[in-house]
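Summary of structural features
Given next are the chains, with one letter for each unit.
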Amino acid sequence: QVQLVESGGGLVQAGGSLRLSCSVSGSIYSIDTMGWYRQAPGTQRELVAEITDSGYTNYEDSVQGRFTIFRDDDKDTVYLQMISLKHEDTAVYYCHANIRAGDLWTVRDYWGRGTQVTVSS
């Protein structure tokens, strides 16, 4: 069974840094796009950053220049390095990946359970 397991969330003061990690476990063929989403109370889940298997990255405007997404394909892991954190970055952060697991031709969406990031002002 394919699972995405996040780690690295926590409480940090404004201006501080955190690094989130998300590792894929289970039997898979390959991982296409990996990304991070977040959801604050009373809001919709939004894309924070994503990275394709070729290394192309895309960021939400408010995190551009402060967050960096990167992946280690040898470890089936994606990271989100966050610096200059702001109170408005407070949310539950979810890992997402498009994975070919059952066969080479079927891509499915997988989600982690989420990790809380709280930035105190």
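The present account deals with the structure reproduced in this document. Nothing here was measured: the structure is a model prediction, and the numbers come from that model. (Residues numbered from 1 in each chain as written. Predicted model: local features only at pLDDT ≥ 70, side-chain atom pairs only at ≥ 80, totals over all residues. Heavy atoms only, no water.)

Applying the stated criterion to the full structure yields two aromatic pairs. Where Tyr37 meets Trp111, the ring centres are 4.9 Å apart and the plane angle is 65 degrees; that geometry is what we call edge-to-face. With a gap of 74 residues between them, Tyr37 in strand β4 (residues 30-39) and Trp111 in strand β10 (residues 107-111) connect regions that are remote in the sequence. Classification of Trp111 by relative accessible area gives partly exposed; the value is 37%. With a centroid separation of 4.9 Å and 20 degrees between ring planes, the pair formed by Phe70 and Tyr79 is classed as stacked. On the basis of relative accessibility, which here comes to 29%, the residue Phe70 falls in the partly exposed class. In this arrangement the basic side chain of Arg45 is found over the ring face of Tyr94, its NZ or CZ atom lying 3.7 Å from the centre. Between the NZ or CZ atom of Arg45 and the centre of the ring of Trp111, over which it lies, the distance is 4.8 Å. (Phe/Tyr/Trp six-rings, centres within 6.5 Å; stacked < 30°, edge-to-face > 60°. Helix = DSSP H or I, 4+ residues; strand = E, 2+ residues; numbered from the N terminus. Buried < 20%, exposed > 50% of the residue type's maximum accessible area, 1.4 Å probe, protein only. Lys NZ or Arg CZ within 6 Å of the ring centre and 35° of its normal.)

With that settled, consider the side chain of Thr77. Note on placement: Thr77 falls in strand β8 (residues 77-82). Note on Thr77: relative accessible area 4%, which makes it buried. Only 2.9 Å separates the side chain of Thr77 from the side chain of Ser23, close enough to count as a polar contact. In this view, Thr77 contacts Cys22, Ser23, Met34, Phe70, Arg71 and Asp72; residues no more than four positions away in its chain are not counted. (Polar contact = N/O pair within 3.5 Å; in protein donor to acceptor, adjacent residues only side chain to side chain. Contact = heavy atoms within 4.5 Å.)

To continue, consider the pattern of salt bridges. Enumeration according to the criterion identifies six salt bridges in this entry. Residue Asp89 is joined to Arg38 by a salt bridge in which the shortest nitrogen-to-oxygen separation is 3.0 Å. With a gap of 51 residues between them, Asp89 in the loop between β8 and β9 (91-100) and Arg38 in strand β4 connect regions that are remote in the sequence. Overall, Asp89 belongs to the buried group, its relative accessible area being 1%. For the salt bridge of Asp73 with Arg71, the shortest nitrogen-to-oxygen distance reads 2.8 Å. We classify Asp73 as partly exposed; its relative accessible area is 41%. (Salt bridge = Lys/Arg side-chain N within 4 Å of Asp/Glu carboxyl O.)

The next point concerns the state of the cysteines. Throughout the structure, instances matching the rule amount to one disulfide. Paired by a disulfide, Cys22 and Cys95 hold their sulfur atoms 2.0 Å apart. Given an S-S torsion of about -85 degrees, the disulfide between Cys22 and Cys95 has left-handed geometry. Here Cys22 is found in strand β3 (residues 18-25), whereas its partner Cys95 is found in strand β9, with 73 residues between them in sequence. No difference in accessibility class separates Cys22 from Cys95, as the two residues are buried. (Disulfide = S-S within 2.5 Å.)

So, to be careful, I would describe these as geometric facts and stop short of saying anything about function.
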